Amino acid sequence: MGRTISIFNQKGGVGKTTTVINLAAALGKLGKKILIVDADPQGNATSGLGIDKNSLELSLYDGLINGVDLKKIVRKTSAENVDIIPSNVELAGAEIELIEIENRELSLKKALTAIEDEYDIVFVDCPPSLGLLSLNGLSASHSVIVPIQCEYYALEGVSQLVDTISLVKKSLNPDLEIEGVVLSMFDGRTNLSIQVVEEVKEYFKGKVYTSIIPRNVRLAEAPSYGLSVIDYDPKSKGAEAYTELAEEFLYLSE
């Protein structure tokens with residue numbers, strides 16, 4: 001049976017979608033069958049894997065609001081063994097429309113039952129907010145991966161994030177756990193990055209992946225070509241870091 005994992009941090013700009021795309025692509029290269037659910041109305045995971053988000057016939061919105069079978073919405077991506085349920089700005093309306101639906105926090109979980117067993121891992125790219133779309137992602141997931149950037153305000157809002165996960169665990173999804181914490185945008189030349197790594201390790205004892213994602217130009221360039229960094233420049237530091245993360249992820253989850 002496949003596992004569903006939310007990639008979540010209510011702060012923007014922490015490398016969330018970058019982690020979704022490149023961890024999925026690295027796992028795909030290692031032979032795992034991956035599905036990404038783009039639950040962020042910005043649709044960056046969709047466009048970052050080569051799909052024109054502005055010309056979608058069907059998207060996650062149709063699955064959540066119109067009851068369309070997710071199997072009809074799935075698209076292949078530019079990454080090997082990686083499929084996606086795409087999204088665009090239309091999904092922003094779902095946040096409001098879901099309010100009218102009974103058991104609204106469980107809409108995604110219900111929709112995924114038809115498809116999740118066809119994949120080894122389902123990654124939900126949650127929006128950077130604590131709204132209904134993120135709650136749906138967390139309610140549908142077995143666990144959460146939290147990306148945190150190695151910058152000054154790294155731990156700001158982290159206690160709120162942990163409280164949110166605890167609240168979902170208590171009221172909607174008793175099995176929800178933190179799978180791991182990914183440190184991104186690391187710059188080994190600065191004392192600040194090194195200090196943040198230590199602080200995050202202290203806060204999330206035993207949960208921080210040893211594979212750390214560096215600041216890397218190739219990582220920033222790849223989405224504009226609709227490719228993961230694994231496909232865009234496999235020899236780059238970014239690609240090597242995400243490949244190491246994928247190997248560590250598999251090792252720890254066995």
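Residues numbered from 1 in each chain as written. Predicted model: local features only at pLDDT ≥ 70, side-chain atom pairs only at ≥ 80, totals over all residues. Heavy atoms only, no water.

Draft legend 1. Structural view of the overall build of the protein chain. Along the protein chain, the regular secondary structure elements total 11 helices and 7 strands. Computed over C-alpha atoms, the radius of gyration of the protein chain comes to 17 Å, within 12% of the 18 Å expected from 2.2 N^0.38 for 254 residues, which places it in the range of a compact globule. Counting only C-alpha atoms and orienting by the principal axes, one finds that the protein chain spans roughly 50 × 40 × 35 Å. Here the protein chain, with 254 residues, has 53% of them falling under the buried criterion. Sequence-distant contacts in the protein chain: of pairs separated by 6 or more residues, those separated by 24 or more amount to 78%. Summing over all exposed atoms, the protein chain offers an accessible surface of approximately 11500 Å²; the carbon and sulfur share of this is 50%. Averaging the locations of the 24 positively and 37 negatively charged side chains of the protein chain gives two centres separated by 2 Å. (Helix = DSSP H or I, 4+ residues; strand = E, 2+ residues; numbered from the N terminus. Rg over C-alpha atoms; globule rule 2.2 N^0.38 Å. Buried < 20%, exposed > 50% of the residue type's maximum accessible area, 1.4 Å probe, protein only. Contact = heavy atoms within 4.5 Å. Areas by Shrake-Rupley, 256 points an atom, 1.4 Å probe, with all protein chains shown as cover. Lys, Arg positive; Asp, Glu negative; His and termini not counted. Charge placed at Lys NZ, Arg CZ, Asp CG, Glu CD.)

Draft legend 2. Inspection of the pairing of strand S5 (residues 121-125) at higher detail. Burial runs high along S5: 5 of the 5 residues are buried. Examined bridge by bridge, strand S1 (residues 3-7) and S5 share 5 bridges and lie parallel to one another. If you follow Ile-5 over to S5, its bridge partner there is Phe-123. Two elements, strand S2 (residues 34-38) and S5, share 5 bridges in a ladder whose sense is parallel. Looking across to S5, one finds that Asp-38 is bridged to Asp-125. (Pairing = 2+ DSSP bridges.)

Draft legend 3. Quick peek at helix H8 (residues 191-203). In a regular helix each residue adds 1.5 Å, so 13 residues correspond to 18 Å; H8 covers 18 Å between its end C-alpha atoms and thus fits that length. Turning to H8, its buried residues number three or more, namely Ser-193, Val-196, Val-197 and Val-200. For H8, the angular spread of the buried residues around the axis is 105 degrees, confining them to a single face. The secondary structure elements touched by the buried residues of H8 are strand S6 (143-149) and strand S7 (177-184). (Expected span 1.5 Å × (residues − 1). Arc of directions from axis to C-beta.)

Draft legend 4. Summary view of the pattern of salt bridges. Scanning the model with the defined rule gives 13 salt bridges in all. The partner of Asp-231 in a salt bridge is Lys-29, and the shortest N-O contact between them spans 3.0 Å. Residue Asp-231 is found in helix H10 (residues 229-232), and its partner Lys-29 is found in helix H1 (residues 16-29); the two are separated by 202 residues along the sequence. With a closest N to O distance of 3.3 Å, Lys-71 and Glu-118 form a salt bridge. Taken as a pair, Lys-71 in the loop between helix H3 (60-65) and strand S3 (75-76) and Glu-118 in the loop between helix H5 (107-112) and S5 lie far apart in primary sequence, 47 residues in all. Judged by its relative accessible area of 44%, Lys-71 is partly exposed. According to the relative accessible area criterion, Glu-118 is partly exposed, its value standing at 41%. Within the structure, one salt-bridge network assembled from shared partners comprises Lys-16, Asp-40 and Asp-125. (Salt bridge = Lys/Arg side-chain N within 4 Å of Asp/Glu carboxyl O.)

Draft legend 5. Main features of the side chain of Ser-184. Tracing the backbone through its elements, the reader meets Ser-184 in strand S7. According to the relative accessible area criterion, Ser-184 is buried, its value standing at 3%. Leave out the neighbours within four places in its chain, and Ser-184 touches Val-14, Gly-15, Ile-148, Gln-149, Cys-150 and Ile-213.

Draft legend 6. Representation of unusual backbone geometry within the structure. Here the phi dihedral of Asn-103 falls at roughly 50 degrees; this positive angle occurs in a residue that is not glycine. According to the relative accessible area criterion, Asn-103 is exposed, its value standing at 51%. The backbone phi angle of Met-185 is positive, close to 55 degrees, even though this residue is not glycine. As for its position among the elements, Met-185 is in the loop between S7 and H8.

Draft legend 7. Spatial organisation of helix H11 (residues 237-253). For H11, built from 17 residues, the straight-helix expectation of 24 Å at 1.5 Å per residue is met to within 8% by its first-to-last C-alpha distance of 24 Å. Inspection of H11 places Gly-238, Ala-239, Ala-241, Tyr-242, Leu-245, Ala-246, Glu-248, Phe-249 and Leu-250 among the buried residues, and these make up the whole buried set.

Purely spatial values, then, with no claim about function.
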